[in-house]
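Each chain, letter by letter, is given below.
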Amino acid sequence: AQKVTQAQTEISVVEKEDVTLDCVYETRDTTYYLFWYKQPPSGELVFLIRRNSFDEQNEISGRYSWNFQKSTSSFNFTITASQVVDSAVYFCALSENSGGGADGLTFGKGTHLIIQP
Amino acid sequence: KAGVTQTPRYLIKTRGQQVTLSCSPISGHRSVSWYQQTPGQGLQFLFEYFSETQRNKGNFPGRFSGRQFSNSRSEMNVSTLELGDSALYLCASSLAGNLQQGALNTEAFFGQGTRLTVV
């Protein structure tokens, strides 16, 4: 069975600090997809990244970066120079579906990130 | 381009009643997935519809059902409501081509959800 663990329930940092959100996953499949979503107070889930299991290259998008390591089954997310607008709940998710779509995602419990001014 | 629209945004129902929630996907998107979010269980997959057919289903009792119309709009229904059904119900839409033909899915866009309270 697939499982996603986000051990950090809540993280609080001061603005401009760097922060890393951890994600550890379990799956028996060799083909799978990993996702990160952001959930602001308004409720909708905002897509941040999707990575398939065959692509271990790290990704950088502006202040966001992701570190995918199959050896440790981890897909960690780092925000550099955090801003107050980054405050939200962040979810890591796993899909074993071949299409990598939104169906059948297994989500972690989420990490509540608080950026203090 | 309009996003995913869920109606209503808020709903209060009594135990034993039934409820129908609606989701209008992004224009051109054919896959709609439904999720339940509660403080205790987190985000859990309910089911996915593609071209009016349920293609994937999570581990929920038969009281939870859904359907999809020819215009890709989807509804989910919960019958005989229980207090534990109180949750935020989110739907997501994506292009989701035919997996058997190897078409690629795209990122999914979520709606703002329907907050259901059962009293």
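Student: Report on the packing of aromatic side chains, specifying residues and quantitative values.
Tutor: Residues and elements named next belong to chain B. With the rule as written, the count across this model stands at 18 aromatic pairs over all chains. With a centroid separation of 5.9 Å and an interplanar angle of 50°, the aromatic rings of Y35 and F110 are classed as tilted. A residue pair is termed long-range when its members are at least 10 positions apart, and Y35 in strand β4 (residues 31-38) and F110 in strand β10 (residues 109-110) qualify at 75 residues. Take Y35 and F110: they sit in the same class, and that class is buried.

Student: Lay out the pattern of salt bridges with the relevant residues and their values.
Tutor: One pass over the structure, following the stated rule, counts eight salt bridges over all chains. B:R63 is the partner of B:E82 in a salt bridge, and the nearest nitrogen-oxygen pair spans 3.6 Å. Here the residue B:E82 occupies a position in the loop between β8 (74-78) and β9 (87-94), and B:R63 occupies one in the loop between β6 (53-57) and β7 (64-68), the gap between them amounting to 19 residues. For B:E82, a relative accessible area of 42% puts it in the partly exposed group. Given the relative accessible area of 17%, B:R63 is considered buried. In this structure, the salt-bridge partner of B:D85 is B:R63, at a minimum N-O distance of 2.8 Å. Of this pair, B:D85 sits in the loop between β8 and β9 while B:R63 sits in the loop between β6 and β7, and the two are 22 residues apart along the sequence. For the residue pair B:D85 and B:R63, the accessibility class agrees, reading buried in each case. The structure contains a network of salt bridges with shared partners spanning A:R51, A:D55 and A:E59.

Criteria and cut-off values
Residues numbered from 1 in each chain as written. Chains lettered and ligands numbered in written order. Predicted model: local features only at pLDDT ≥ 70, side-chain atom pairs only at ≥ 80, totals over all residues. Heavy atoms only, no water. Phe/Tyr/Trp six-rings, centres within 6.5 Å; stacked < 30°, edge-to-face > 60°. Helix = DSSP H or I, 4+ residues; strand = E, 2+ residues; numbered from the N terminus. Buried < 20%, exposed > 50% of the residue type's maximum accessible area, 1.4 Å probe, protein only. Salt bridge = Lys/Arg side-chain N within 4 Å of Asp/Glu carboxyl O.

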